[in-house]
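Survey of secondary and tertiary structure
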Amino acid sequence: MSQESTVPGEVVETTEIPEPGAVTIVVPTFNESANVRQLLRQITEAVPARLPCEVVFVDDSTDDTPEVIEKAAQDCPFPVTVLHREEPVGGLGGAVVEGLKAATSDWIVVMDGDCQHPPALVPDLVATGERANAGLVVASRYIKGGSRAGLAGSYRVAVSRGATWLTKALFPRRLHGISDPMSGFFAIRRSAVTAEVLQPLGYKILLELAVRSRPRTVTEVPFVFQDRFAGESKSTAQEGLRFLRHLAGLRAASPVARMIGFGLIGLTGFVPNLLGLWALTAAGMHYVPAEILANQLGVAWNFVLIEHLLFRERRRHRRWWDRAGRFALIANADLVLRIPLIALFVHQLHLGVLSATALALVTTFVLRFAGTEALVYLPRRGREKPGHGSTAQQGEPCEQTS
């Protein structure tokens, strides 16, 4: 990662920490060269007269955005820093985390680089936070005075509203008092967040902050979502899938939620298992070897789903083939263990066959879940270091969207 700091009229390479300002504006960018000059102009017109500021761009671009920022910064009456990341770890959310680490002010405002978030609201966000003694101030499109007017088309409106409903339904306590958890425009006290605990994936960093390290006091201010100044939205189907993966990972953060998810995924595994059994027996195979082979289809199905939905953040602890082998061993051991357990429950506890079978299924399920966590996804002793892997997946570009 390279760091370039600019002051009015000068662009110099430096490692010095700038003087603290009243607010640090963090702007993650991905190929926004057509927008950054206009954004800096808007910040210059709206913020410094009311509030001392510095601007930190965290850039994952493949175009000339960093160079455009450097040139535009020469006309700015405040410090501008460009952090260009060679590896865009964690997407836009990962870029924001880097900006949080680089900020020197007590208040940090996160906003997009496409001019859809009005800089004129930055002083109001900070002032509202000070008045309410809040740790987080969200600029919301969904309270009185706010508007989502800048969302292009009914499809994006529907997706935004659907994502908002889904996240609030999954996290009713954590998102209580936040009407717009999909907002990318907010102010947070630097003391209210520990960047190392964040594990972002994609562009919904506010959701990550609210769920993993939500400040005690949260307030909101309305804002009107503006039209994009130039270029096109980075919203894609791939980014939507990334959001769903992130959502599932956040929801599965607690052991109880992981166990429930593990059970639900296990139930879906019956589908490929039964289809495989039908196909193999229809081809003339004896039902015993057919069941053994078909069971492997269910095991593979379950492994893929839990890898991406339940244990995404822990995959780095072992290589994929090691995880797959251990998971298959545990899943197949379940079949071997279940019959002796049924016999034990029938003869020693004097249960009926159906009751014994149900109890054996529950017992092996709990053992399978505990074994999967302990033997497949927990870090090996001495291999995990503090702070290692604090951001999510590597190689995922910072993509801006709302």
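Residues numbered from 1 in each chain as written. Predicted model: local features only at pLDDT ≥ 70, side-chain atom pairs only at ≥ 80, totals over all residues. Heavy atoms only, no water.

Examining the packing of aromatic side chains
Each aromatic ring pair is summarised here by two numbers: the centre-to-centre distance and the angle between the ring planes. Taken as a whole and judged by the stated rule, the model has 3 aromatic pairs. The interplanar angle of 85 degrees and the centroid separation of 5.5 Å between the aromatic rings of Phe-185 and Phe-223 together place this pair among those described as edge-to-face. Of this pair, Phe-185 sits in the loop between helix H5 (153-170) and strand E8 (186-189) while Phe-223 sits in the loop between strand E9 (218-222) and helix H7 (237-251); the two residues are 38 residues apart in sequence, bridging distant segments of the chain. Residue Phe-185 shares its accessibility class with Phe-223, and that shared class is buried. Ring plane angle 45 degrees and centroid distance 5.6 Å describe the contact between Phe-303 and Phe-327, whose orientation is recorded as tilted. With Phe-303 in helix H10 (residues 287-309) and Phe-327 in helix H11 (residues 320-348), this pair connects stretches of sequence that are 24 residues apart. Among the aromatic residues, those joined into a ring-pair cluster are Phe-185, Phe-223 and Phe-225. Lying over the aromatic face of Phe-225, Arg-141 brings its terminal NZ or CZ to 5.4 Å of the ring centre. (Phe/Tyr/Trp six-rings, centres within 6.5 Å; stacked < 30°, edge-to-face > 60°. Helix = DSSP H or I, 4+ residues; strand = E, 2+ residues; numbered from the N terminus. Buried < 20%, exposed > 50% of the residue type's maximum accessible area, 1.4 Å probe, protein only. Lys NZ or Arg CZ within 6 Å of the ring centre and 35° of its normal.)

So, the nonpolar core
A general feature of soluble globular proteins is that nonpolar side chains tend to end up buried together. One finds Val-55, Phe-57, Val-80, Leu-125 and Phe-185 to be the most contacted residues of the largest nonpolar core, which totals 37 residues. The element contributing the most residues to this core is helix H1 (residues 36-46), with 5 residues. Counting 30 residues, the second largest nonpolar core, distinct from the first, contains Val-58, Val-96, Leu-198 and Ala-210. (Core = buried A, V, L, I, M, F, W, Y, C linked by side-chain atoms within 4.5 Å.)

Quick look at helix H2 (residues 65-73)
With 7 of 9 residues buried, H2 lies mostly within the body of the structure. When we look at burial in H2, the residues that qualify are Thr-65, Pro-66, Val-68, Ile-69, Glu-70, Ala-72 and Ala-73.

Considering the environment of Val-137
In this fold, Val-137 is placed in strand E7 (residues 136-140). Each C-alpha atom, one on Val-137 and one on Val-109, is 9.1 Å from the other, the two residues being 28 residues apart in sequence.

Observations concerning the state of the cysteines
Each disulfide consists of one covalent bond between the sulfur atoms belonging to two cysteines. Scanning the model with the defined rule gives 0 disulfides in all. Not engaged in a disulfide, the cysteine Cys-76 finds its nearest cysteine sulfur in Cys-53; these two sulfurs lie 8.7 Å apart. (Disulfide = S-S within 2.5 Å.)

Regarding the confidence of the model for the protein chain
Per-residue confidence for the protein chain gives a mean pLDDT of 77; residues scoring 70 or more make up 76%. Predicted confidence in the protein chain is weakest over strand E2 (residues 10-13), with a mean pLDDT of 40, and strongest over strand E6 (residues 107-110), with 93. Between residues 1-20, whose pLDDT stays under 50, and residues either more than four places distant or in other chains, the model counts 44 contacts. Note that pLDDT drops below 50 for residues 383-402; the model gives that stretch 82 contacts with residues more than four away or on any other chain. (pLDDT = per-residue confidence, 0-100. Contact = heavy atoms within 4.5 Å.)

Brief notes about a nonpolar patch on the surface
A cluster of nonpolar side chains, Ile-260, Leu-264, Leu-267, Phe-270 and Leu-274, forms an exposed patch at the surface whose accessible area comes to about 530 Å². Those elements that place two or more of their residues in the nonpolar patch are helix H8 (255-268) and helix H9 (270-282). Element by element, the count of residues in the nonpolar patch is highest for H8, at 3 residues. Mapped onto the secondary structure, Ile-260 falls in helix H8. By relative accessible area, Ile-260 is classed as exposed at 53%. (Patch = residues over 30% accessible without salt bridge, like charges linked within 9 Å, V, L, I, M, F, W, Y side chains within 5 Å. Areas by Shrake-Rupley, 256 points an atom, 1.4 Å probe, with all protein chains shown as cover. Salt bridge = Lys/Arg side-chain N within 4 Å of Asp/Glu carboxyl O.)

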